[in-house]
Amino acid sequence: QVLLVQSVGGLVQAGGSLRLSCAASGRAFSMVTMGWFRQAPGKEREFVAAISCSIGITYYADSVKGRFTISRDNAKNTVYLQMSSLKPEDTAVYYCSADPSPVLNVINGIDWDYWGQGTQVAVSS
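Everything numeric in this text was worked out from a predicted model, so none of it was measured. Each chain has its residues counted from 1, running along the sequence as written. The model is predicted, so local features are restricted to residues of pLDDT at least 70 and side-chain atom pairs to those at 80 or more, both for listing and for counting; the totals for chains, interfaces and linings are taken over all residues. Note: side-chain values were computed over all heavy atoms of the structure, leaving out hydrogens and water.

**Student:** Looking at this model, I keep getting lost on the sheet that holds strand 3 (residues 18–26). Mind explaining?
**Tutor:** The pairing of strands in a sheet comes from backbone hydrogen bonds and takes either a parallel or an antiparallel form. Overall, antiparallel pairing links the four strands, which are arranged 1-3-8-7 in an open sheet. Bordering the open sheet on either side are strand 1 (2–6) and strand 7 (68–73), each of which pairs with just one other strand. Along the sheet, successive strands turn relative to each other by an average axial angle of 20 degrees, direction set aside. Each pair of strands is called paired provided DSSP finds at least two bridges between the two strands. Working definition: helices are DSSP H or I runs of at least four residues, strands are E runs of at least two. Numbering for both runs from the N terminus. For helices, the axis comes from a line fit to the C-alpha atoms of the stretch in contact; other axes are also lines fit to C-alpha atoms, and the angle between any two N-to-C directions lies between 0 and 180 degrees.

Now the structure itself:
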């Protein structure tokens, strides 16, 4: 079992930055793939970013590539999502996720084993 607790999101202006964090407890954090997804009103949950458990290889959705950075601190059992150059279309509920499978096995779907509680990010124009 992995329990994921996310930080509070917030309201930012377009072009601004925000960092989300997600603290994990339970299973050895360094052995699970971590990810971030988001879900906008009326839309399906979509992949944002993922980071592998071992050497920290990262993957991003095209819509956030170059603007968002996922990172992990295995000593603190925490994964981060640094969001920069935010756009109104980034407005969504953001979810942290974890899975013991290799990153390439999970980044193409939403069938991850563990999810955080979700946090609202709103970007004003």
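**Student:** Looking at this structure, how should I read unusual backbone geometry?
**Tutor:** With the exception of glycine, the majority of residues adopt a negative phi angle, and the majority of peptide bonds are in the trans configuration. Although it is not a glycine, Asn77 adopts a positive phi angle of roughly 55 degrees. Looking at where Asn77 falls in the secondary structure, it is placed in the loop between strand 7 and strand 8 (78–83). Even without a glycine there, the phi angle at Ser85 is positive, about 50 degrees. Looking at the element boundaries, Ser85 is found in the loop between strand 8 and strand 9 (92–99).

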